[in-house]
Amino acid sequence: MSSNERLAALSDAGVSVWLDDLSRDRISSGQLADYIRDYRLVGVTTNPTIFAGALADSSSYDPQVRELAARGASVEQAVREITTTDVRNACDVFRETYEATGTVDGRVSIEVDPRLAHDTEATIAEARELWKTVDRPNLFVKIPATLEGLPAITKALSEGISVNVTLIFSVERYRDVMEAFLTGLEQAKQAGHELATIESVASFFVSRVDTEVDKRLEALGTGEAAALRGKAALANARLAYAAFEEVFSSQRWKALAEAGARPQRPLWASTGVKNPDYPDTLYVDELVTANVVNTMPEKTLLAVADHGTVEGDRVRGTAEDAKGVFERLSEVGVDVDDVYVVLETEGVDKFEKSWTELLDSVTEQLRAATESGGSA
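Residues numbered from 1 in each chain as written. Predicted model: local features only at pLDDT ≥ 70, side-chain atom pairs only at ≥ 80, totals over all residues. Heavy atoms only, no water.

### Notes on the overall build of the chain
Each helix and strand counted, the chain has 18 helices and eight strands in total. Relative to its length of 376 residues, the chain is compact, with a C-alpha radius of gyration of 21 Å against a globular reference of 21 Å. In terms of its C-alpha atoms, the chain occupies a principal-axis envelope of roughly 65 × 50 × 45 Å. When burial is assessed residue by residue, the chain has 55% of its 376 residues classed as buried. For the chain, the accessible surface area stands at approximately 15300 Å², while carbon and sulfur atoms represent 49% of it. Positive and negative charge centroids in the chain, built from 39 and 63 side chains respectively, lie 3 Å apart. (Helix = DSSP H or I, 4+ residues; strand = E, 2+ residues; numbered from the N terminus. Rg over C-alpha atoms; globule rule 2.2 N^0.38 Å. Buried < 20%, exposed > 50% of the residue type's maximum accessible area, 1.4 Å probe, protein only. Areas by Shrake-Rupley, 256 points an atom, 1.4 Å probe, with all protein chains shown as cover. Lys, Arg positive; Asp, Glu negative; His and termini not counted. Charge placed at Lys NZ, Arg CZ, Asp CG, Glu CD.)

So, in structure tokens, the structure goes:
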């Protein structure tokens, strides 16, 4: 089976293939367009870590940095102009995909400042600003699923802003996210917005669950604990999908669907395999089902293209087995609720750290450009 056939089979099974990476080089070299053509790519996600890496590894940003320095732009302004430029241009690359998929896919995501993760009003204000600045209908504004993020998700959707909800780790919090989505659409309908123009995905993180749970299982050091390694992440995602099916078959949802709304699809995030003992396509092959997105790091995308296996739906009908995994985890002594708290805290902290690195990098680049004569 060729690379294209493997990814085509994934797409045909109902999985939208997205890339969890973006850089100016990918856009300007034509690589992003090549991936759309050759790998059935229909979307891109970004985050502060991705942008920090892109700026550190490329000289493609130098002309814009020199122009920003000549203007006397602040580091905050510079970071936003640099990142929104990349995202806007990527949206344009995906415009044909956006139209060909009936505006469902062809999406590019940009994150609100992660330092605002626990500030509802500031998150709402930034979501509005990003939506206005990028000014593309195929944009997703990423808002974290913190407790303070939930009302911001509702408010953004109510104003017609399409949202990618990020950093979801537990099914309980995912249900809160779906509630925020439904409420947002109900408010948008009352405000007269056309519901068909509002899209949303819910980014449910996968591999990090195994990383944290496996660490705790190894610390327990028993045979029963060892037998559960590598099972929590898939079980968690499968339970999330069961919750998705439940909510989006409800009468409340059907009323919105009749008004033109489209469901908030689950998005499998963090699908790069971090444990070398596990197959490198594990979190793609085992999470195949309809109406989902899988956003993959490039390494994972290429692995799936090379040797991924699509063997029908691997998610529907698995909820009871998945519940059994969590029952056994509790029995051996894993505090699953604490796992989720740790993962959300670490997730926000990691993005805050990357954002700081991004600010520091741009500060240094602006300083160097100013000393060398700005735009000269």
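### A look at the sheet that holds strand β6 (residues 200-205)
Read around the closed barrel, the eight strands follow the order β1-β2-β3-β4-β5-β6-β7-β8; overall the barrel is parallel. The average angle at which neighbouring strand axes cross in this sheet is 30°, direction not considered. With two bridges joining them, strand β2 (residues 41-44) and strand β3 (residues 107-111) adopt parallel strand pairing. Residue pairing in the sheet places Gly-43 in a bridge with Arg-107 of β3. (Pairing = 2+ DSSP bridges. Axes fitted to C-alpha atoms, helices over the stretch in contact; angles between N-to-C directions.)

### Notes on the pairing of strand β5 (residues 163-168)
Consecutive side chains along a regular strand alternate between the two faces of the sheet. Counting buried positions along β5 yields six of six residues, so the element is predominantly enclosed. With four bridges connecting them, strand β4 (residues 139-144) and β5 associate as parallel partners. The partner of Ile-143 across the bridge, within β5, is Val-165. Taken together, β4, helix α9 (residues 149-158) and β5 constitute a β-α-β crossover, and its handedness is right-handed. (Right-handed = clockwise from strand over helix to strand, strands pointing away.)

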